[in-house]
Amino acid sequence: MSEINSLEELGGAVEAAAEVNPENVAIVYVQKLDDQGRSYATGKRKDAIARVWIKPGTGKITVGGKDYTEYFARPVLQMLINQPITAAAREGQYDVVATCSGGGLSGQAGAVRHGISKALTLFEPDLRPVLKKGGFLTRDSRVVERKKYGRAKARKSFQFSKR
């Protein structure tokens, strides 16, 4: 290592480090589409996995071959699915087709929401900061804790009897 004695030498050292270490370069996100002009993403939540395709359209959301209001009857789950589209201000601009497997309705709704967010960023990379700030791109990693031996459930114990 050589010693740096002036600002000019420091500037030259920083430029040399940038050439050597390309990881300091800003990441540029590009649009990823398939042959049919759709973007695809996989969303996950608990044990549920959702495969999501997004294409320009009228705003129709289909989950498992049904309309999403029929598949997710609870209004809270419907609101959950609409959150990324509303945050990106893209209501009525994209058709969403999703398939779900595993988990329950709540987990599947969270998985579809995660998949929609990821697919939106692949279709329109400029939306990434908005969705990232809203927390839609982060996979919620909380899963059910496993049952332990000698216990009733994961943490609950059997009734203790002193005598």
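Residues numbered from 1 in each chain as written. Predicted model: local features only at pLDDT ≥ 70, side-chain atom pairs only at ≥ 80, totals over all residues. Heavy atoms only, no water.

Caption draft 1: Fine view of the sheet that holds strand β1 (residues 39-45). Taken together, five strands build an open sheet; the order of strands is β1-β2-β5-β3-β4 and the sheet is mixed. Here the strands that pair on one side only, and so sit at the sheet edges, are β1 and β4 (66-67). Bridge count for strand β3 (residues 61-63) against strand β5 (residues 94-101) is three bridges, and the pairing is parallel. Looking across to β5, one finds that Thr62 is bridged to Val97. Together, β1, β2 (48-56) and β5 form the strand contacts of helix α4 (residues 105-123), whose direction differs from that of β1 by roughly 145°. (Pairing = 2+ DSSP bridges. Helix = DSSP H or I, 4+ residues; strand = E, 2+ residues; numbered from the N terminus. Contact = heavy atoms within 4.5 Å. Axes fitted to C-alpha atoms, helices over the stretch in contact; angles between N-to-C directions.)

Caption draft 2: Focus on the pairing of β2. One ladder, built from seven bridges, connects β1 with β2; its direction is antiparallel. Its bridge partner being in β2, Lys44 is matched across the sheet by Ile49. Between β1 and β2, which pair antiparallel and follow one another directly, the connecting turn spans two residues, one of which, Lys46, has a positive phi of 50°. In terms of strand pairing, β2 meets β5 through eight bridges, oriented antiparallel. Its bridge partner being in β5, Ala50 is matched across the sheet by Cys100.

Caption draft 3: Seen up close, the environment of Ile54. Secondary-structure assignment places Ile54 in strand β2. Discounting residues that sit within four places of it in the chain, Ile54 has contacts with Gly37, Arg38, Ser39, Tyr94, Asp95, Val96, Ile116, Ala119, Leu120 and Phe123.

Caption draft 4: Summary view of the pattern of salt bridges. In total, this model carries six salt bridges according to the counting rule given. A salt bridge links Asp34 to Arg38; the shortest N-O distance between them is 3.0 Å. With a shortest N-O distance of 2.7 Å, Glu145 and Lys148 are connected by a salt bridge. One network of salt bridges, with partners in common, ties together Arg45, Asp140 and Arg142. (Salt bridge = Lys/Arg side-chain N within 4 Å of Asp/Glu carboxyl O.)

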